[in-house]
Amino acid sequence: MTVLVFREFLEQNPEVEIVMVSRSNFESLFADIPNIIFHGIDLDEYKGFFGIRRLGKELLKQYNPDYVADLHDVIRSKILDKFYVRKGLKVFKINKGKEEKENLTDVWNLDKIQLKKTVERYADVFREMGFKVELSHQLRPKSNQKSGIGFAPFAQHKGKMLPLEKSFELVKLLAEKNTVYFFGGGKKETETLESWENQIPNTKSLAGKLNLSEELNRISQLEVMISMDSANMHLASIVGTRCISIWGATHPYAGFLGFGQSENDIVQINDLTCRPCSVFGDKECYRGDWACLEEINVQQIIEKI
């Protein structure tokens, strides 16, 4: 979600250069943004307190930054923050709104409200530094030639994933009139999607066949992506492709709707007062029946298309 914030921030502040420190496999996400130096790392090479401190020393020596923006605020970045503060650098940290999110996911709280969008929380870090940044919240299509429907049926946690039998039923209906491309990763997901490809005409599984750069390019050429509240929704935003997103235990109120994606393209059960029960979908169902996902009708998704 940082990618589009960086793009618009740097367009509005072209004199600034950002050194993005992240896992090496994310480099493709930032490849076409001017004024970004991507510093990829393998976290296995910087284990524990002393490993993180060594990383901090290396980054300081190589780049000598004016400011440090902590857009993650986890244990690793907290260690780096303290190291840089001791070196006299100004560190600006994201406000995740943890208390607001705890209140939002309290199943007894019946007064659910929209929280600040996560991309605005990222932008706030740069605003605190004194920079001006106004986010457009608009998609920018990277390709004018679009065809087919993308479908990413998996998510990291059960609370974010439409039951597979419903997903299979959805694909059968969509493939009657459209070519459907499957996206996923990992051995189990790849096997499932290849099985679907063999069973349903007019479908093609891309799982395990593309690197990240190729996957972004393919998503840019889709008419629409259908995704859970997962990474594929955000990949669609990066390349300016409309995404119909499916939400279960999580909720767009927590601020994680894809950049530029329309609220009209959200599929969810609105009359469950226990939603959202989780920010990331990693909790067991409070009711025990996963009604937030089981009650979604595939026709709701088709009508959005």
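Here the structure is a predicted model, which means the values were calculated and not measured.

Chemist: So what about the sheet that holds strand β10 (residues 266–267)? Which residues, and what values?
Modeler: Through backbone hydrogen bonds, the strands of a sheet pair up, either in parallel or in antiparallel fashion. In spatial order, the strands read β7-β6-β5-β8-β9-β10; together these six strands make up an open sheet with parallel pairing. With partners counted over all chains shown, the strands left at the sheet margins are β7 (203–205) and β10, one partner each. Pairing of strand β6 (residues 180–182) with β7 involves three bridges; the strand directions are parallel. Note on β7: the bridge partner recorded for F182 is S205. Across the sheet, helix α7 (residues 187–199) lies against β5 (149–152), β6 and β7, angled at about 155° from β7, the strand it touches most.

Chemist: How would you explain the side chain of T250 if you had to name every residue and give the values?
Modeler: Here T250 shows up in the loop between β9 (243–246) and β10. Of note is the side chain of T250, whose polar atom sits 2.8 Å from the side chain of D229. Every residue in contact with T250, bar those within four places of it in the chain, is listed here: G159, K160, D229, R275, P276, S278, V279, F280 and G281.

Chemist: Describe a negative patch on the surface, with residues and values.
Modeler: Residues E165, D271, E294 and E295 make up a contiguous surface patch of negative charge. Within the secondary structure, E165 sits in helix α6 (residues 164–174).

Chemist: Mind laying out the packing of aromatic side chains, listing which residues take part and the relevant values?
Modeler: The tally for this structure, following the rule as stated, stands at 13 aromatic pairs. Consider the rings of F168 and W196, whose centres lie 5.6 Å apart with planes at 70°: the pair is edge-to-face. Here F168, found in helix α6, pairs with W196, found in helix α7; they are 28 residues apart in sequence, far enough to count as distant. For the pair shown, F168 and W196 are each scored as buried. Cluster of aromatic residues (ring-pair linked, three or more members): F6, F9, F30, F38, Y67, F92, F126 and F131.

Chemist: Quick one: what's the story with α7, residue by residue and with numbers?
Modeler: In a regular helix each residue adds 1.5 Å, so 13 residues correspond to 18 Å; α7 covers 19 Å between its end C-alpha atoms and thus fits that length. Turning to α7, its buried residues number three or more, namely T190, L193 and W196. The buried side chains of α7 occupy one side of the element, clustering within an arc of 125° when seen end-on. Turned more than 90 degrees from where α7 packs its buried face, K187, K188 and N198 sit exposed.

Chemist: Describe the state of the cysteines, listing the residues and the values that go with them.
Modeler: For the coordinates displayed, the defined rule picks out zero disulfides. No disulfide involves C274; its sulfur sits 6.3 Å from that of C277, the nearest cysteine. In this structure C285 is a free cysteine whose sulfur lies 6.0 Å from that of C292, the closest cysteine sulfur available.

Chemist: So, the pattern of salt bridges: which residues are in play, and what are the values?
Modeler: For the structure on display, the rule yields 15 salt bridges. Where K93 meets D81, a salt bridge forms, and the shortest distance between an N and an O atom there is 3.7 Å. With a gap of 12 residues between them, K93 in strand β4 (residues 90–93) and D81 in helix α3 (residues 75–86) connect regions that are remote in the sequence. In this structure K93 comes out as partly exposed when scored by relative accessible area, which is 34%. Here R127 ties to D124 by a salt bridge, and the two come within 2.7 Å at their closest N and O atoms. Taken together, the residues R127 and D124, both in helix α5 (residues 118–128) and three residues apart, mark about one turn of the helix. Judged by its relative accessible area of 27%, R127 is partly exposed. Counted as one network, the salt bridges with shared partners bring together D73, K78, D81 and K93.

Chemist: I'd like to hear about a positive patch on the surface, residue by residue, with values.
Modeler: There is a patch of like positive charges on the surface, built from R53, K57, K82, R86 and K87. Only α2 (48–63) and α3 provide two or more residues apiece to the positive patch. With respect to the secondary-structure elements, K87 resides in the loop between α3 and β4. By relative accessible area, which is 51% here, K87 ends up exposed.

Reading the values: the criteria
Residues numbered from 1 in each chain as written. Predicted model: local features only at pLDDT ≥ 70, side-chain atom pairs only at ≥ 80, totals over all residues. Heavy atoms only, no water. Pairing = 2+ DSSP bridges. Helix = DSSP H or I, 4+ residues; strand = E, 2+ residues; numbered from the N terminus. Contact = heavy atoms within 4.5 Å. Axes fitted to C-alpha atoms, helices over the stretch in contact; angles between N-to-C directions. Polar contact = N/O pair within 3.5 Å; in protein donor to acceptor, adjacent residues only side chain to side chain. Patch = residues over 30% accessible without salt bridge, like charges linked within 9 Å, V, L, I, M, F, W, Y side chains within 5 Å. Areas by Shrake-Rupley, 256 points an atom, 1.4 Å probe, with all protein chains shown as cover. Salt bridge = Lys/Arg side-chain N within 4 Å of Asp/Glu carboxyl O. Lys, Arg positive; Asp, Glu negative; His and termini not counted. Charge placed at Lys NZ, Arg CZ, Asp CG, Glu CD. Phe/Tyr/Trp six-rings, centres within 6.5 Å; stacked < 30°, edge-to-face > 60°. Buried < 20%, exposed > 50% of the residue type's maximum accessible area, 1.4 Å probe, protein only. Expected span 1.5 Å × (residues − 1). Arc of directions from axis to C-beta. Disulfide = S-S within 2.5 Å.

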